[in-house]
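Residues per chain, in single letters:
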Amino acid sequence: MKYVSTRGQAPELGFEDVLLTGLARDGGLYVPAEIPQFSKDDIRSFFGLSYEQVAFRVMKPFVCPEISEDDFQEIIAKAYSSFRHKTVVPLAQTGSNDWILELFHGPTLAFKDVALQLVGHLFDHVLTKRGRKVTIVGATSGDTGSAAIECIKDRECAEIFMLHPKGLVSDVQRRQMTTVMSSNVHNLAVDGNFDDCQAMVKALFNDHAFRDEITLSAVNSINWARVMAQIVYYFTSAVSLGAPEREISYSVPTGNFGDIYAGYVAKKMGLPIKQLIVATNRNDILTRVLTTGDYTIGSVSPTISPSMDIQVSSNFERLLFNLYDGQADQVRRLMDDLSQSGSFTIGGPELEKAQKIFDAIQVGEEATEATIRKIFERTDQLIDPHTAVGVRAAELKNADPATPMVTLSTAHPAKFPEAVEKVTGQHPALPAHMADLFEREEKYDLLDHDLDALKSYIRTSL
Ligand SMILES: *Cc1c(COP(=O)(O)O)cnc(C)c1O
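Residues numbered from 1 in each chain as written. Predicted model: local features only at pLDDT ≥ 70, side-chain atom pairs only at ≥ 80, totals over all residues. Heavy atoms only, no water.

Asker: Looking at this structure, I do not really get the site of the ligand. What am I missing?
Answerer: The ligand sits among 15 residues. The nearest are K112, D143, G255, N256 and T410. Between K112 and the ligand, the recorded distance is 2.5 Å, taken from a side-chain N or O atom to an oxygen atom. Between F257 and the ligand, the recorded distance is 3.2 Å, taken from a backbone N or O atom to an oxygen atom. Notes on the ligand: free accessible area 380 Å², of which the protein chains cover 98%. (Near = heavy atom within 4 Å. Polar contact = N/O pair within 3.5 Å; in protein donor to acceptor, adjacent residues only side chain to side chain. Areas by Shrake-Rupley, 256 points an atom, 1.4 Å probe, with all protein chains shown as cover.)

Asker: Quick question: what am I supposed to make of unusual backbone geometry here?
Answerer: Trans is the common state for peptide bonds, and a negative phi is the common state for residues other than glycine. Following C64, the chain continues into P65 via a peptide bond in cis, with omega recorded as 10 degrees. Here P65 is to be found in the loop between α3 (51-63) and α4 (69-80). The linkage connecting A243 with the following residue, P244, adopts the cis geometry, with an omega of 5 degrees. The residue P244 is located in the loop between α10 (224-240) and β9 (248-253) in this model. In this structure, L109 is a non-glycine residue whose phi angle is positive, near 70 degrees. Note that L109 resides in the loop between β4 (98-102) and α5 (112-130). (Helix = DSSP H or I, 4+ residues; strand = E, 2+ residues; numbered from the N terminus.)

Asker: Even after reading the chapter, I still don't get the nonpolar core, so can you show me in this structure?
Answerer: The tendency in soluble globular proteins is for nonpolar side chains to be buried side by side. With 115 residues, the main nonpolar core has Y234 and F316 as its most contacted residues. Among the elements that take part in this core, α10 stands out by supplying 12 residues, more than any other. Sequence-distant contacts of Y234, defined by excluding residues within four places in its chain, comprise Y250, V252, D259, I260, A262, G263, A266, L271, I273, L276 and L408. With 24 residues, the next largest nonpolar core counts L29, A139, I214 and A218 among its residues. (Core = buried A, V, L, I, M, F, W, Y, C linked by side-chain atoms within 4.5 Å. Buried < 20%, exposed > 50% of the residue type's maximum accessible area, 1.4 Å probe, protein only. Contact = heavy atoms within 4.5 Å.)

Asker: So what exactly am I meant to see when it comes to the environment of K455 here?
Answerer: Looking at the element boundaries, K455 is found in helix α19 (residues 451-461). For K455, a relative accessible area of 14% corresponds to the buried category. On a C-alpha basis, the gap between K455 and F210 in space is 8.2 Å, while along the polypeptide they are 245 residues apart. Here K455 is in contact with L204, D207 and F210, once residues within four sequence places are set aside.

Asker: Would you mind showing me how to read the environment of V190 here?
Answerer: Relative to the elements of secondary structure, V190 occurs in strand β7 (residues 185-190). We classify V190 as buried; its relative accessible area is 0%. Sequence separation between V190 and L454 is 264 residues; the distance between their C-alpha atoms is 9.6 Å.

Asker: Looking at this structure, how should I read the packing of aromatic side chains?
Answerer: Where two aromatic rings form a pair, the distance of their centres and the angle of their planes describe that pair. With the rule as written, the count across this model stands at 18 aromatic pairs. Ring centres 6.0 Å apart and planes at 65 degrees place the aromatic pair F38 and F46 in the edge-to-face group. For the residue pair F38 and F46, the accessibility class agrees, reading buried in each case. One cation-aromatic arrangement involves K455 over F210; the distance from NZ or CZ to the ring centre is 5.6 Å. (Phe/Tyr/Trp six-rings, centres within 6.5 Å; stacked < 30°, edge-to-face > 60°. Lys NZ or Arg CZ within 6 Å of the ring centre and 35° of its normal.)

Asker: Any chance you could explain helix α13 (residues 316-323) here in plain terms?
Answerer: Residues that lie three or four places apart on an α-helix share one face, since the helix turns once every 3.6 residues. Here α13 lies mainly inside the structure; 8 of its 8 residues are buried. If you check which residues of α13 are buried, you get F316, E317, R318, L319, L320, F321, N322 and L323. Positive backbone phi, approximately 50 degrees, marks D325, located one or two places after α13.

Asker: What is the right way to read the pairing of strand β14 (residues 405-409) from this model?
Answerer: Sheet faces and side chains relate simply in a regular strand, where the side chains alternate between the two faces. Buried residues dominate β14, accounting for 5 of its 5 residues. Going residue by residue along β14, you find M405, T407 and S409 tucked away on one face and V406 and L408 tucked away on the opposite face as well. One ladder, built from 5 bridges, connects β4 with β14; its direction is parallel. Across the sheet, the residue bridging to I100 is T407, located in β14. (Pairing = 2+ DSSP bridges.)

Asker: When you look at the sheet that holds strand β6 (residues 158-165) in this model, what are you seeing that I'm missing?
Answerer: By way of backbone hydrogen bonds, the strands of a sheet pair with one another, either parallel or antiparallel. Reading across from one edge, β8-β5-β6-β7-β15 is the order of the 5 strands in this open sheet, with parallel pairing throughout. Every other strand in the sheet has two partners, leaving β8 (216-217) and β15 (445-447) as the edge strands with one partner each. Where β7 meets β15, 3 bridges bridge the pair, whose relative direction is parallel. Bridge pairing in β15 links A189 to L446.

Asker: I'm lost on the sheet that holds β4 in this one. Help?
Answerer: Taken in spatial order, the 6 strands line up as β3-β4-β14-β9-β10-β13 in an open sheet, and their pairing is mixed. If you trace the sheet from one side to the other, it starts and ends with β3 (91-95) and β13 (358-362), each paired once. The mean angle between the axes of side-by-side strands here comes to 25 degrees, regardless of whether they run parallel or antiparallel. The sheet contact formed by β3 and β4 spans 4 bridges and is antiparallel. Looking across to β4, one finds that G95 is bridged to D98. Packing against the sheet, helix α17 (residues 385-397) makes contact with β4, β9, β10 (273-280), β13 and β14, and its axis sits at approximately 125 degrees to β10. (Axes fitted to C-alpha atoms, helices over the stretch in contact; angles between N-to-C directions.)

Asker: Looking at this structure, I do not really get the pattern of salt bridges. What am I missing?
Answerer: Charged atoms that come close allow side chains of opposite charge to pair. The full count for this structure, using the stated rule, is 24 salt bridges. R174 is paired through a salt bridge with E442; the nearest N and O atoms lie 2.8 Å apart. Of this pair, R174 sits in helix α7 (residues 171-178) while E442 is found in the loop between α18 (417-424) and β15, placing the two residues 268 residues apart along the sequence. The closest approach of N and O atoms between K374 and E395, which form a salt bridge, is 2.9 Å. (Salt bridge = Lys/Arg side-chain N within 4 Å of Asp/Glu carboxyl O.)

Asker: Looking at this structure, how should I read α17?
Answerer: Taking 1.5 Å per residue as the helical rise, α17 with its 13 residues ought to reach 18 Å, and the 18 Å between its terminal C-alpha atoms agrees with that figure. Restricting attention to buried positions, one finds in α17 the residues P385, H386, T387, A388, V389, G390, V391, A393 and A394. (Expected span 1.5 Å × (residues − 1).)

Asker: So what exactly am I meant to see when it comes to the pairing of β10 here?
Answerer: The buried fraction of β10 is high, at 7 of 8 residues. Pairing between β9 and β10: 5 bridges, direction parallel. Across the sheet, V252 pairs through a bridge with V278, a residue of β10. Between the parallel elements β9 and β10, the chain passes through helix α11 (residues 258-268) in a crossover that is right-handed. Across 5 bridges, β10 lies against β13 in parallel orientation. Bridge assignment links T280 to a residue of β13, and that residue is Q362. (Right-handed = clockwise from strand over helix to strand, strands pointing away.)

Below, the structure is given as structure tokens:
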């Protein structure tokens, strides 16, 4: 498979280089030059297979033969052996035709493990083969950080620097990052918000000299391999609910547009998805752009679903590339507008196209809390605030009660215990392997919102 940049001015690359590169050299994101197609028969044949087997079949066209089929199967097996549930991502029923897809049974209790456990083993494989080392720098609004650290810690092939906005991630999230003592893990608490952290990381990638000097790489959600790994669970869940014979709808709590973009790719690959609902909290740039065409960066407002407190949604650029039929110059024009004026507007025909594929809605804090309470009263299950945003959006936007509605459950409730306990009176317990999290020692440094400070920190730490 060849990959092209959404901005059209970076070299075409194969899978392994896309994995290692992250952001393209022209500032764009890599996307596959073509989308593999699965027939109804192909999809039907997934029935009864294990998660790992479906994962291999779904991702093979994106990865093999650059990585051999045998090696790739082994990588997948290693990646998902770290999950605490046999089916990796079980479905739980929450209503007569409503489901949540539990994506949080990995090491850090958030859906990002599904992609990052795979990415860690892919990095190991490719870097060992090439005899190379990389420096990973990432920004996190909470969950990416711990999942990325879990994927890289103790690996010989990489050092990881993780920026988080000081004071703006939960105690559990911070401790999951800062209690990892591996010498190749460097945590930085930045004076600023998540978008500031992300902008610093983007600026590092755009500094080609520095980028080459430290062999910079990324595992954040701009990395194509992450999107790819997330396509798999749309297939496994849809097939277990009756696809391809029937259509399935999804509601996705969304921040950086990575998880829902994976659903869009699954649909393009042939999976019969009826609705794709973009569920945002009050940081609703995605809801605004999909309802009005106007993408204007506002200020971030903290919520009880902090992993979606985002105003710049990186993966949206991949969708723009699709909406404009691969016209990279159009994407470049919009991205230039964005960097010059903080906003862009999608063209009329392209907006119409987007609205045929996506529904979008913003869910406020009270409705999120009410939903956590309602699901607990109805089913005895505790759901986290991000999942609750998705569940509420699904209720409001469901266009056909006869179609199964799956909400992606992106975090374990014990990751956000205060919010869950406040409305249910129940304290969600951490799973056994993390029970002593609050007794562990923490290790992190403070950093100003300053690019040069970041560069010198990295240089002296390597
Ligand atoms: C990262 C995250 C999201 C948002 O996912 P995107 O791919 O950025 O849209 C939602 N919920 C939780 C718990 C997350 O960690």
